[in-house]
Amino acid sequence: MPALAFRAATPDDVGAIVALVESAYRGEASRAGWTTEADLLDGRRTGPEDVLAQLARPQSRMLLAERDGELLACAHVAVEDGAGYFGMFSVRPGLQGAGIGGQVLAEAERFARDEFGMDVMRMTVIDLREELIAWYERRGYRRTGIKKPFPYGDERFGLPRRDDLRFEVLEKAL
């Protein structure tokens, strides 16, 4: 299988990024992969304005993973509170489980360390997502025990199907 090519997203990529993120997390199409949040949330996962805001932010990079010019995965890497932050991680549902996600995560960690000078990477994951948290733990992340409330009432984060959602902070030394 040809290697992934990584590049920084531009405003021209916004539509493709939104479509990829939505396909990985929301609706029936997301059920083709294992990262779906369709049982937890309806509504949107992100929108063009969210992606554009990340592109415009200082110390922020939207990494795209492509093969033969085709977008397969993306991740947002930024500096937040003195650490690297990893988010908006999406792999095309039909390709999940093929090793692409691990390559994207490794590139994001390399970028946070080498380009932003960070020695720690953090992320937030819905704490009910035990299988996803276990995937990160196998890659060196640890549960910090820090919980953050889910932004109920803010439709930019989706429409909750449950009333017990919250985020947990995961962390890894780079």
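Basis of the calculations
- Residues numbered from 1 in each chain as written.
- Predicted model: local features only at pLDDT ≥ 70, side-chain atom pairs only at ≥ 80, totals over all residues.
- Heavy atoms only, no water.
- Helix = DSSP H or I, 4+ residues; strand = E, 2+ residues; numbered from the N terminus.
- Rg over C-alpha atoms; globule rule 2.2 N^0.38 Å.
- Buried < 20%, exposed > 50% of the residue type's maximum accessible area, 1.4 Å probe, protein only.
- Contact = heavy atoms within 4.5 Å.
- Areas by Shrake-Rupley, 256 points an atom, 1.4 Å probe, with all protein chains shown as cover.
- Lys, Arg positive; Asp, Glu negative; His and termini not counted.
- Charge placed at Lys NZ, Arg CZ, Asp CG, Glu CD.
- 1 Å grid on protein atoms, 1.4 Å probe; cavity = no way out; pocket = protein on both sides within 12 Å on 5 of 7 lines; lining within 4 Å.
- Points joined across faces, edges and corners; volume = space filled by probe spheres on them.
- Nonpolar A, V, L, I, M, F, W, Y, C, P; charged D, E, K, R; others polar.

A.B. asks: For this particular structure, what's the right way to read the overall build of the chain?
C.D. replies: Within the chain one finds four helices and nine strands. Ordered by position in the sequence, the α and β elements of the chain form the string β-α-β-α-β-β-β-α-β-α-β-β-β. For the chain, whose C-alpha radius of gyration is 15 Å, the value lies close to the compact-globule estimate of 16 Å for 174 residues. Principal-axis analysis of the C-alpha atoms places the extent of the chain at approximately 40 × 30 × 30 Å. Residues classed as buried in the chain amount to 49% of the 174 residues present. Partitioning the contacts of the chain with sequence separation of at least 6, the portion at a separation of at least 24 is 64%. For the chain, the exposed surface amounts to about 8,400 Å²; the carbon and sulfur share of it is 50%. Charged side chains in the chain number 24 positive and 29 negative. The centres of these two groups are separated by 3 Å.

A.B. asks: What exactly am I supposed to notice about unusual backbone geometry here?
C.D. replies: Trans peptide bonds make up the majority, and among non-glycine residues the majority have a negative phi. Even without glycine at this site, Q59 takes up a positive phi of about 50 degrees. Position of Q59 among the secondary structure elements: in the loop between α2 (48-56) and β3 (60-67). The class of Q59 is partly exposed, set by a relative accessible area of 45%. Its identity is not glycine, yet M88 carries a phi of approximately 50 degrees, on the positive side. Along the chain, the position of M88 falls in strand β5 (residues 83-91).

A.B. asks: Teacher, can you tell me more about the layout of surface pockets here?
C.D. replies: With a probe scaled to a water molecule rolled over the atoms, the places where space remains empty come into view. Considered as a void within the structure, the largest pocket measures approximately 1,000 Å³ in volume. The set of elements that each furnish at least two residues to the lining of the largest pocket consists of α2, β4 (70-80), β5, β6 (120-126), α4 (130-137), β7 (142-149) and β9 (166-173). Of the residues that constitute the lining of the largest pocket, the class distribution is 20 nonpolar, six polar and twelve charged. Reported here for the second largest pocket is a volume of approximately 220 Å³. W34, V91, G97, G101 and W135 are, among the 18 residues lining the second largest pocket, the residues nearest its centre. Counting residues per element, the ones that place at least two in the lining of the second largest pocket are β5, α3 (100-114) and α4. Partitioned by chemical class, the residues of the lining of the second largest pocket number ten nonpolar, seven polar and one charged.

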